[in-house]
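Structural features, examined
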Amino acid sequence: MDLFEYMGQMNKEKESPLASRMRPSTLDEIVGQRHILGKDKLLYRAIAADKLSSLIFYGPPGTGKTTLARVIANTTKAQFRQINATSAGKKDMEAVVEEAKQTLAMYNRRTILFIDEIHRFNKGQQDYLLPFVEDGTLILIGATTENPYFEVNRALISRSVIFELQPLSREDIAALLEKAVSDPVKGMGAYGALLEPEARDFLADICGGDARNALNAIELAVLTTSPSEDGKIHITAKVAEECIQKRNVRYDRDGDNHYDIISAFIKSMRGSDPDAAVYYLARMIYAGEDPKFIARRIMICASEDVGMADPQAICVATAAAQMVERVGMPEGRIPLAEAAIYVATAPKSNASYKALAAAMDAVREVPVKHVPSHLQDGSYKGAAELGRGIGYKYAHDYPGHYVKQQYLPDELVGRRFFEPGDNGYERDIKNYMDFCHKI
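Residues numbered from 1 in each chain as written. Predicted model: local features only at pLDDT ≥ 70, side-chain atom pairs only at ≥ 80, totals over all residues. Heavy atoms only, no water.

Within the open sheet, the five strands sit side by side as β2-β3-β4-β1-β5. Their pairing is parallel. This sheet does not close on itself; its edge strands, each paired only once, are β2 (79–84) and β5 (161–164). With strand direction ignored, the average angle separating the axes of adjacent strands in the sheet is 15°. Pairing geometry for strand β1 (residues 55–58) and strand β4 (residues 138–144), over four bridges, is parallel. Residue pairing across strands places Ile56 opposite Gly142, the latter belonging to β4. (Pairing = 2+ DSSP bridges. Helix = DSSP H or I, 4+ residues; strand = E, 2+ residues; numbered from the N terminus. Axes fitted to C-alpha atoms, helices over the stretch in contact; angles between N-to-C directions.)

Below, the discussion takes up empty space enclosed by the protein. The final tally for this structure, using the stated rule, is one cavity of 30 Å³ or more. Considered as a void within the structure, the largest cavity measures approximately 60 Å³ in volume. Lining the largest cavity, in full, are Met22, Arg23, Pro24, Glu29, Val31, Leu176, Lys179 and Lys186. Considered class by class, the residues forming the lining of the largest cavity number four nonpolar, no polar and four charged. (1 Å grid on protein atoms, 1.4 Å probe; cavity = no way out; pocket = protein on both sides within 12 Å on 5 of 7 lines; lining within 4 Å. Points joined across faces, edges and corners; volume = space filled by probe spheres on them. Nonpolar A, V, L, I, M, F, W, Y, C, P; charged D, E, K, R; others polar.)

On to the side chain of His119, then. Within the secondary structure, His119 is located in the loop between β3 (111–116) and α7 (123–134). By relative accessible area, His119 is classed as buried at 13%. Among the polar contacts made by the side chain of His119, one reaches the side chain of Thr144 at a distance of 2.8 Å. (Buried < 20%, exposed > 50% of the residue type's maximum accessible area, 1.4 Å probe, protein only. Polar contact = N/O pair within 3.5 Å; in protein donor to acceptor, adjacent residues only side chain to side chain.)

Counting all residues, the mean pLDDT for the protein is 87, and 94% of those residues have values of 70 or more. Averaged pLDDT values for the elements of the protein fall to 50 in helix α1 (residues 3–15) and rise to 96 in helix α18 (residues 333–345). Low confidence marks residues 3–10, where pLDDT is under 50. Its contacts with residues over four positions away, or in another chain, come to one contact. (pLDDT = per-residue confidence, 0-100. Contact = heavy atoms within 4.5 Å.)

Shown next, in the form of structure tokens:
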């Protein structure tokens, strides 16, 4: 590196965003992630001892995946190379592999390859790395915001240790903000800014555990706020609110967080908690989830978890789905809320679901020769001569519109699939069935 390149690099670091400048350079400077970076934890010990195997860092944005990789780069004796899967191709990987082979052969030094956004690589690109990870030419460190079990090849997964990074706590974010405002070297200390506690706590809460989001906000606040009469830049709660216009809700429509939220939504309706159900509904709407997808999940819950305890639930859910299609958003969110609350507060039963499951088992397990002859179609010419429909009793001809006769095939006589409970309308069904069985 010549003098001009060195000066260019120094200027680049000086002018880089606050979130980049504040990246820790040692393990002890990292804020949060104590569950994997406590001094008694495997990852901390492995980094400190420079004894790394292939790793995959998984977690939402702003939790320190790239920071961890940079810390490893600063502490390891191995050669460290970094590529980003959003812009790199096979030629870039081939160049790294060739260099790694030479370094290993000539200097007996291994190469750590850090791939940011590794889920962006397709299967072929990921497969290319496999033999070099397997023979030790490369130590792979991948970072991804997506669930690696969904997005990374199983072969790479089996050869890596996966560490999940969690959103930073409010206390961690608050400490980071204080340091960013006061640090005269990496942070904004030279500006003489004062971060008021209310503003700090607001940003720590509103950023959703994303350190980058919090640091971007405080940088914007400092750079756009004029000094007061005392010569200080006062970062008040009002200033902080202007720098983050919208709460950072964690919700990736294509990732596992999507499944976590919809799972919580369904389980809240099933668990008869309308407050939780409408909260998760609001969170999905706020994040731009497809309302038709939400409507489908409500219909499924109405059928599977409410069932015959309140047959009207499926009607309400279906009507809400139709209304969403016809009126669109944002008005469509109102019938979605009504349907979610209706399903959440309806009496619950999965008796219909269990009945179908039991019947499906019977279909698979019990060979049935034919439908009872008296239930067979006797309307066509020659049916009577074949014994079709002979002996069938028409229920409406009998008191109470009910008459006992065999409906199940001979092989399944006496089997019960539907067992109504005591919730809601199923109680009436149960009483009617008890009446029928006594006749």
